[in-house]
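# Secondary and tertiary structure notes
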Amino acid sequence: MSEKKKILITSALPYANGALHLGHLAGAYLPADIYVRYLRLLGKDVLWVCGSDEHGAAITMRAKKEGRSPKEIIDTYHELNKQTFKDLGISFDHYHRTSAALHHETSQEFFTKLNEKGDEFEVRTIEQYYDEDYNQFLADRYIMGTCPRCSHPEAYGDQCENCGSDLSPTELINPVSTLSGKSPVLKETKLWYFKLDKHEEWLKEWISEGTLDGVAHHDAKQWKKHVLGQCLSWLNNGLQPRAITRDLDWGIPVPLEGAEGKVLYVWFDAPIGYISSTKQWALDNGKDWEEYWKGDDVELIHFIGKDNIVFHCIIFPAMLKAYGDYALPKNVPANQFLNFEGQKFSKSRGWGIEQHEYLEAFKDFPNKEDALRYALLRNLPENRDSDFKWDEFIEFYDKELADNLGNFLNRVVVLTNKYYDGVTPEIEVNLKEKLAEAIAIVDKITQELDTFSFKQAALALMELSSYGNTYLQDVSPWKIWKEDPDSEVVKECLFVCLQIASLLSILCEPFIPFTSPKIRAFLGLGETANGDLQSVLDQIKAGQALITAGHQVGQSGVLFPKINDRRDASRLEIVNRQKNKLEEILAAEKGPEREPLKDEIQFDDFVKLDLRTGTITAAEAIPKADKLLKLSVDLGMEQRTVVSGIALQYKPEEVVGQEIVLVANLAPRKLRGVLSQGMILMAENDEGKLSFVRPNETIGNGFVVK
RNA sequence: GGCGCGGUAGCUCAGCUGGUUAGAGCGCAGGAUUCAUAAUCCUGAGGUCGGGAGUUCAAGUCUCCCCCGCGCUACCA
């Protein structure tokens with residue numbers, strides 16, 4: 001066992017059925033990359049693992065849709081995502097995949113161990129749809145039918161994409177297997193459940209107090225509020241056992257006799273992917289994976305988006321503790337969501353840009369990687385949803401990277417070359433004193449990084465360069481030099497500026513790793529290595545120069561050619577192409593769009609409907625249902641009670657006296673405890689505005705509409 | 001309806017356990033300067049801290065109610 005503390009960083013495993021967009025990057029990968037690069041520069045023993053999540057029904061569904069095998073799908077996206085990460089400087093130590101044999105073994109071993117503990121799992125028998133032609137149980141997504149809520153004929157077993165309702169397969173009207181196209185039958189099946197409820201007590205203490213079995217584990221106050229909030233909300237509602245197996249042919253087989261045709265539920269094996277990724281890295285590098293997962297000297301940090309909070313803060317810790325010996329996360333700095341120009345990323349709408357698309361579209365853009373990293377960084381959704389805008393991309397690049405950082409570095413190197421032929425001047429100076437303010441800013445940068453405040457850290461980095469600009473301006477060596485080229489004041493000024501430039505060259509590395517070596521080259525410095533930042537910090541605080549007298553600097557140049565440049569519009573054009581794309585999408589969407597027509601029916605189908613005129617005579621809200629009103633309808637020959645989902649648009653008093661048309665022979669159904677005897681016809685437009693359908697002159701109640 | 005998170009200058013956001021005249025960047029207005037990439041530096045204007053009530057000597061910061069945004073969840077004939 002090594003004496004040094006091990007830090008294990010994980011980033012959410014990307015699901016390998018599609019490309020990743022900028023929101024993903026901003027959520028779980030860029031912040032982690034910055035943090036890991038920072039720790040490496042400090043010389044910490046840090047390991048960062050990730051990989052593709054390659055199981056689950058969504059992959060088989062996509063494969064079927066595209067007429068490819070699941071294996072082809074995951075291979076495509078595994079390679080794409082892996083390469084794109086690499087191109088953007090996302091510096092995983094290992095990028096694994098859950099289809100790997102090592103991962104299957106690891107997951108099965110994990111399952112087996114928990115199963116052998118005896119009281120972690122329970123087996124339940126439930127009824128599930130089964131396709132008799134294909135001899136297999138059907139995942140929710142493999143069943144389609146008519147949505148019981150909106151009558152959309154192509155709702156999936158878990159969700160209706162037309163009305164957004166969450167469904168269960170048994171709710172579907174006329175369910176059909178997407179495999180055989182026939183009606184599935186209900187058949188009993190066995191599922192394994194993880195008894196999450198059993199872990200509720202210690203989880204509550206661990207999350208709210210940061211103590212584990214009474215022993216201090218982490219500082220709960222360091223966790224983000226929205227993370228704590230969501231976890232405690234779950235815990236206070238009571239945890240339920242969760243199914244960990246499914247009847248599916250794509251995934252990790254359940255390693256038990258009599259469990260043929262069953263695989264581990266994807267959420268169970270995915271986080272174990274962090275472990276198998278570590279194992280593979282250890283094998284490749286001759287290390288011991290357990291040193292990073294077990295023992296007191298382990299610090300585990302999960303970087304994720306907010307959609308993953310409960311898995312990483314509740315479910316996976318429960319799995320780890322149930323297994324035993326594993327360290328639990330010290331922090332889960334989950335980010336919120338990144339929007340794109342004011343709206344959510346949407347693949348189907350083409351709203352947003354995927355990582356590999358960006359690299360392609362910006363291939364002629366200098367520093368495209370750092371430009372993107374910086375724009376995302378400055379706008380990270382750390383505590384609330386944020387918004388990526390191309391105009392801000394331009395602004396951050398031009399104002400901060402080019403005008404502030406790039407220009408300062410250029411000024412310093414140009415002046416050094418001009419006055420001293422690039423040789424650092426010899427000068428007596430109390431650096432501790434002279435750099436006190438700069439060092440305070442450096443401390444701020446590291447403190448922000450230590451606490452996962454990456455956006456603030458970036459601002460502090462700019463503050464350092466801005467401080468350099470201000471200092472240079474205050475001394476204005478060019479004025480003095482004109483009078484006295486040998487001035488000690490000029491020498492001191494540039495000597496100090498070179499120290500600041502040197503600090504910037506290393507401190508910027510976690511944020512803009514592609515630019516850092518260029519800055520180092522300007523300054524005549526070699527590339528940074530692990531641990532360098534620690535020695536730089538030690539030196540500078542001890543008053544030692546980082547760039548000493550006699551050191552030859554290199555030649556400078558334009559680090560960040562500005563986007564708004566009067567001589568060269570090429571960069572602006574690249575960005576403008578993206579902006580134009582969005583405008584086109586918006587323009588296209590403005591065209592009239594109507595729900596597609598349903599399948600043709602016969603006259604006989606129509607006459608089955610019994611439509612009657614009526615008048616609403618009373619209305620009241622239904623407690624604990626914000627969309628429902630309980631209505632009394634006068635049909636002339638009788639009174640009906642009808643429950644209608646119009647409460648968001650109408651107050652009860654507004655609808656009394658309203659003439660309506662009622663589907664009068666609809667089978668009664670109970671809603672929120674009230675028996676609804678019919679359905680009122682309403683027209684609804686695309687903005688959700690409702691309007692009653694009624695005869696355009698009063699005709700009396702109870703008459704037939706046909 | 002329940003739960004969680006957010007709502008601070010024109011824009012994007014900082015403000016830990018309540019404590020002096022509420023901060024930064026961008027934008028805007030004036031000025032300085034030329035080593036540098038129409039750059040840099042200085043000064044200034046600009047905020048009922050979502051609304052209302054309360055606790056306190058003192059509230060952006062605590063409590064309650066309400067409004068808005070996002071998410072989870074229930075319901076949606």
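Structure shown above.
Just so it is clear, the structure is predicted and the values come from calculations on it, not from any experiment.

Moving on: the protein's contact with RNA strand B. In the neighbourhood of RNA strand B, 57 residues make up the surrounding shell, with K344, N407, R566, V643 and L671 lying closest. Restricting attention to atoms of RNA strand B within 4 Å of the protein, one finds that 70% of them are sugar or phosphate atoms. K225 is positioned with one of its side-chain polar atoms (N or O) 3.4 Å from a phosphate oxygen of RNA strand B. In the environment of RNA strand B, a sugar or linking oxygen lies 2.9 Å from a nitrogen or oxygen atom belonging to the side chain of Q473. Taken together, the elements giving at least two residues each to the surface near RNA strand B come down to α6 (225-236), α11 (390-420), α14 (454-475), α15 (477-483) and β21 (639-644). Residue contributions to the surface near RNA strand B peak at 13 residues, all from α11. Here the surface near RNA strand B is built from residues that sort into 13 nonpolar, 21 polar and 23 charged.

The next point concerns the nonpolar core. The biggest cluster of nonpolar side chains holds 169 residues, and the ones touching the most others in it are I9, F268 and F393. If one sorts the elements of this core by residue count, α11 sits on top with 15 residues. Judged by nonpolar contacts, the second largest core, of 15 residues, contains V642, I646, Y650 and V655.

Next up on the list: the state of the cysteines. Applying the stated rule across the entire model yields 0 disulfides. Free cysteine: C231, not disulfide-bonded; nearest cysteine sulfur from C313 at 3.9 Å. Owing to a relative accessible area of 0%, C231 belongs among the buried residues under this scheme. C508 carries a free sulfur, and the closest cysteine sulfur to it, the one in C497, is 17 Å from it.

A few words on the sheet that holds strand β4 (residues 121-131). Strand order in the open sheet made by the 4 strands is β5-β4-β9-β12, with antiparallel pairing throughout. One side of each edge strand has no neighbouring strand; the edge strands of this open sheet are β5 (136-137) and β12 (242-243). Here 2 bridges tie strand β9 (residues 185-194) to β12, and the two strands are oriented antiparallel to one another. Its bridge partner being in β12, F194 is matched across the sheet by R242.

Here we take up the packing of aromatic side chains. Across all of its chains, the model carries 46 aromatic pairs by this definition. Taken together, a centroid distance of 6.0 Å and an interplanar angle of 75° make the contact between W267 and F268 edge-to-face. Each member of the pair W267 and F268 is classed as buried. Seen in terms of ring centroids, F340 and F345 are 5.2 Å apart; in terms of plane orientation they differ by 50°. Their pairing is tilted. Assessed through its relative accessible area of 16%, F345 is described here as buried. The ring centre of W267 lies 5.4 Å from the NZ or CZ of R242, which sits over that ring. When the ring centre of Y326 is taken as origin, the NZ or CZ atom of K294, which lies over that ring, is 4.8 Å away.

Glancing now at the environment of K44. Within the element layout of this structure, K44 appears in the loop between α1 (22-41) and β2 (45-52). For K44, a relative accessible area of 40% translates into the label partly exposed. In this structure the C-alpha to C-alpha distance between K44 and H103, which are 59 residues apart in sequence, comes to 27 Å. Residues within four places of K44 in sequence aside, it is in contact with I7 and L39.

Moving on, we get to the packing of α6 against helix α8 (residues 309-323). Close contact between α6 and α8 brings their axes to 10 Å; oriented N to C, the two are set at 55°. The angle between α6 and α8 falls in the class oblique. As for how α6 packs across α8, the hand of that crossing is right-handed. Listed contacts from α8 to H226, V227, Q230, C231, W234 and L235 of α6 are I309, V310, C313 and I314. A per-class count over the contact of α6 with α8 returns 8 nonpolar, 2 polar and no charged.

Here we take up the pairing of strand β3 (residues 94-97). What you see with β3 is no split at all: H94 and H96 on one side and Y95 and R97 on the other are buried throughout. With 4 bridges connecting them, β2 and β3 associate as parallel partners. Within β3, the position partnered with V49 by the bridge is H94.

Further remarks concern the environment of Q539. When you line up the elements, Q539 lands in helix α18 (residues 532-541). Judged by its relative accessible area of 27%, Q539 is partly exposed. Distance in space between the C-alpha atoms of Q539 and M61 is 58 Å, their sequence separation being 478 residues. In contact with Q539, not counting residues within four places along its chain, are Q544, A545 and L546.

Taken together, the side chains of F606, V607 and L609 make up a nonpolar region of the molecular surface, amounting to roughly 250 Å² of accessible area. On the secondary structure map, L609 appears in the loop between α20 (603-607) and β19 (611-621). Under the relative-accessibility criterion, L609 is labelled partly exposed at 45%.

So, about unusual backbone geometry. Located in the positive-phi region is D213, a residue other than glycine, with phi close to 50°. Here D213 is to be found in the loop between β10 (211-212) and β11 (215-216). D213 gets classed as exposed once you look at its relative accessible area, which sits at 56%. Look at N367: it is not a glycine, yet its phi comes out positive at around 60°. With respect to the helices and strands, N367 occurs in the loop between α9 (355-361) and α10 (368-377).

Analysis parameters
- Residues numbered from 1 in each chain as written.
- Chains lettered and ligands numbered in written order.
- Predicted model: local features only at pLDDT ≥ 70, side-chain atom pairs only at ≥ 80, totals over all residues.
- Heavy atoms only, no water.
- Near = heavy atom within 4 Å.
- Polar contact = N/O pair within 3.5 Å; in protein donor to acceptor, adjacent residues only side chain to side chain.
- Helix = DSSP H or I, 4+ residues; strand = E, 2+ residues; numbered from the N terminus.
- Nonpolar A, V, L, I, M, F, W, Y, C, P; charged D, E, K, R; others polar.
- Core = buried A, V, L, I, M, F, W, Y, C linked by side-chain atoms within 4.5 Å.
- Buried < 20%, exposed > 50% of the residue type's maximum accessible area, 1.4 Å probe, protein only.
- Disulfide = S-S within 2.5 Å.
- Pairing = 2+ DSSP bridges.
- Phe/Tyr/Trp six-rings, centres within 6.5 Å; stacked < 30°, edge-to-face > 60°.
- Lys NZ or Arg CZ within 6 Å of the ring centre and 35° of its normal.
- Contact = heavy atoms within 4.5 Å.
- Axes fitted to C-alpha atoms, helices over the stretch in contact; angles between N-to-C directions.
- Parallel < 35°, antiparallel > 145°, perpendicular 65-115°, else oblique.
- Left-handed = near helix turned anticlockwise from the far one by under 90°.
- Patch = residues over 30% accessible without salt bridge, like charges linked within 9 Å, V, L, I, M, F, W, Y side chains within 5 Å.
- Areas by Shrake-Rupley, 256 points an atom, 1.4 Å probe, with all protein chains shown as cover.
- Salt bridge = Lys/Arg side-chain N within 4 Å of Asp/Glu carboxyl O.

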